[in-house]
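# Structure at a glance
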Amino acid sequence: MLNSDKLVIAIPSKGRLQENTQSFFENLGLKINRNQGIRGYRGVLKGLDNVEIAFLSASEIAKALDDGMVHLGVTGEDLLAENIHDIERKIEILNPLGFGRANVIVAVPQSWIDVNHMHDLGEVANHFREDHGRRLRIATKYNKLTADFFASFNIENYRLVASAGATEGAPAAGSAELIVDITSTGSTLAANSLKILDDGVILRSEANLTLSYAANWHNNAHRALEKLLQLTAAEQSARYKQEIKCNVSALNANNIQHLRDTFKCELPFNDGITPIQGALSIVADKADVFGIVDYLSESGANYISVQDLSYIFKIENDQYKQIAHKIAKY
C-alpha cells in the first residue's frame, strides 16, 4: 500500500465511522475526495498536499498500522489493543476523536443472580469444570483482550469460542456460557438477557487518529504529517475553549492578575506589562466562562462577548518533534 512517498491515511470505508471521520477532517478545513465514486478504495485530502487516503474496514486499519502499510489510521482503540502486539513501541495514538465510543465488556446471563463480579465468575468457572468436566465457554472476537483480562483475575477454567455471528446470541443458542463483546448502550445485551459484570469493563474505547512507527517515512510524508499535526493540535486546543472579550476601561492590573490566578486562563495578547487599551481578550476553559463573566461584570466591565474558537495555533509543534524523534529511532 505504501507505493509512494505520500502520507497514507487509512479511514473507515463505510458507515457512521466514515461519516464522523470525514467531519473530523472537515473541521480541520480538509476535505476527503474519493476516487472513482463511492466504491473507490483510494482518495486524496483536499487542502493538504502529499496525502493519499486508503479506505479500509476498521479491523483492516489496525492490521495495516501494525504492518506499517499505512502511516496513519482512524480506528477504535479496541481493535488496536486486540490486533497489535508490542503496541507501545509500534504505534502512537495522536488524537482521540470523540466518536465511536463503546466498551469491551464481560457479560453473563441475567439468571446468574449471584454472579456480579469477576471473582464470582472465577468461582463459577471452577465449579463448572468440577460439575461438567469441561471449561466455561466464552464467545468473543477479542481473544487477546479476554485472555489478558481474565489472567489479571487469575481465572483459568475457561476456553474461547470463535464468534461467527452475533456474539450476544451465543448463550441463548447454547454455543457459549458467557460473552466478551463490545457495546455502546447495553440495550442489545439486555434484549438477550445478559448483564455486564460490575467490574467487567475490559476497555473503554473510542475512535483515534493513530500513527504507525513501522511505516516507511519519506520526506514528503514527514512534511505532510507536520502540517496535519499543526492543524489537529490547533483544533484540539480550541475544542474546549472560548474567547471572552470585554472593554478594559474599568479594569486594573489587580483584576487582570486575579483572572490569571483564579481561572488559569490565557491573555494571549497581553504580556502583563504593557498597558491594555481597547478590548481585553481572554481564552478560558468553557467550564469557567460564566465565572469569568460574573467577575468582569462585578469589576465594572459593561460590554462582554463570548465566542467559540475553531483553532488555536502556536508556533512550537512539540508533538511533531517528539514523534519525529521516535520515528528516527525506530
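All figures in this text were calculated on a predicted structure; none of them were measured in a lab. In this numbering scheme, every chain counts its residues from 1 along its sequence in written order. For a predicted model such as this one, the threshold for reporting local features is a pLDDT of at least 70, and the threshold for listing and counting side-chain atom pairs is 80 or more; totals across whole chains, interfaces and linings nevertheless cover every residue. Hydrogens and water molecules were not included; the side-chain quantities draw on all heavy atoms of the structure.

Once that is clear, we can look at the overall build of the protein chain. Assigned secondary structure in the protein chain consists of twelve helices and 15 strands. Two things to know: the radius of gyration comes from C-alpha atoms, and the globule rule equals 2.2 Å times the number of residues to the power 0.38. For the protein chain, whose C-alpha radius of gyration is 25 Å, the value lies well above the compact-globule estimate of 20 Å for 330 residues. The buried label applies to any residue whose accessible area, calculated with a 1.4 Å probe on protein chains only, is under 20% of its type's maximum; exposed applies above 50%, and partly exposed to all values in between. Evaluated residue by residue, the protein chain yields a buried proportion of 46% over its 330 residues. For the protein chain, the share of sequence-separated contacts (at least 6 apart) that also reach a separation of at least 24 residues comes to 71%. Accessibility throughout is a Shrake-Rupley quantity obtained with a 1.4 Å probe, and a residue counts as covered only by protein chains that appear here. Total accessible area on the protein chain is roughly 17,300 Å²; 47% of this is exposed by carbon and sulfur atoms. Charged side chains in the protein chain number 33 positive and 40 negative. The centres of these two groups are separated by 7 Å. Secondary structure elements follow DSSP: runs of H or I no shorter than four residues count as helices, runs of E no shorter than two count as strands, and numbering proceeds from the N terminus. Contacts were defined at the residue level, with two residues in contact if any of their heavy atoms lie within 4.5 Å. Within this scheme the basic residues Lys and Arg register as positive and the acidic residues Asp and Glu register as negative, but His and the chain ends are omitted. Charge placement uses NZ in Lys and CZ in Arg. For Asp and Glu, CG and CD serve respectively.

Let us look at unusual backbone geometry. Of note, Asn 154 is a non-glycine position whose phi angle comes to about 60°, a positive value. On the secondary structure map, Asn 154 appears in the loop between α6 (143-152) and β9 (158-162). A positive phi is found at Ser 193, a non-glycine position, where the angle reads about 60°.

Further remarks concern the nonpolar core. Among the nonpolar cores identified, the biggest contains 34 residues, and Leu 7, Ile 9, Phe 25, Leu 45, Leu 72, Leu 225 and Leu 228 are the most heavily contacted of them. Sorting elements by how many residues they give to this core places helix α9 (residues 219-239) first, with six residues. Aside from chain neighbours lying at most four places away, what touches Leu 45 is Ile 9, Phe 25, Leu 30, Lys 31, Ile 32, Val 51 and Ile 53. If you look at the next biggest cluster of nonpolar residues, it comprises 22 residues, including Val 104, Leu 121, Val 180 and Leu 203. We call a set of buried Ala, Val, Leu, Ile, Met, Phe, Trp, Tyr and Cys residues a nonpolar core when their side-chain atoms join them within 4.5 Å.

Another aspect to go through is the sheet that holds strand β13 (residues 241-247). The strand order across the open sheet formed by three strands is β14-β13-β15, and the pairing between neighbours is antiparallel. Lying at the two open borders of the sheet, with one neighbouring strand each, are β14 (279-285) and β15 (304-308). This sheet shows a mean twist of 25° between the axes of neighbouring strands, independent of strand direction. In short, DSSP must find at least two bridges between two strands for them to pair. In terms of strand pairing, β13 meets β15 through five bridges, oriented antiparallel. Following the sheet pairing, Gln 242 is matched in β15 by Asp 308. Every axis in this analysis is a line fitted to C-alpha atoms, fitted for helices over the stretch in contact. Angles between the N-to-C directions lie between 0 and 180 degrees.

Let us look at the layout of surface pockets. Space inside the largest pocket adds up to approximately 380 Å³. What lines the largest pocket is a set of 19 residues, among which Leu 17, Asp 78, Leu 79, Tyr 142 and Ile 182 lie closest to the centre. Every element with two or more residues in the lining of the largest pocket is listed here: α2 (58-67), β5 (72-76), α3 (77-83) and β10 (178-183). The dominant element in the lining of the largest pocket, judged by the number of residues it contributes, is α3, at four residues. Taken together, the residues that form the lining of the largest pocket break down as seven nonpolar, eight polar and four charged. Every definition here rests on a 1 Å grid over the protein atoms only: cavities are sets of points where a 1.4 Å probe fits but cannot get out, pockets are open sets enclosed by protein on both sides within 12 Å along at least five of seven lines, and lining residues have some atom within 4 Å of a point. Grid points are joined across faces, edges and corners, and a volume is the space filled by probe spheres set on the points. All amino acids are sorted into three groups, where Ala, Val, Leu, Ile, Met, Phe, Trp, Tyr, Cys and Pro are nonpolar, Asp, Glu, Lys and Arg are charged, and the leftover types, Gly among them, are polar.

Our next topic: the side chain of Ser 281. Turning to its location among the elements, Ser 281 is positioned in strand β14. The exposure class of Ser 281 is buried, given its relative accessible area of 9%. If we skip the residues at most four places from it in the chain, Ser 281 touches Glu 243, Ile 244, Lys 245, Glu 266, Leu 267, Pro 268 and Phe 269.

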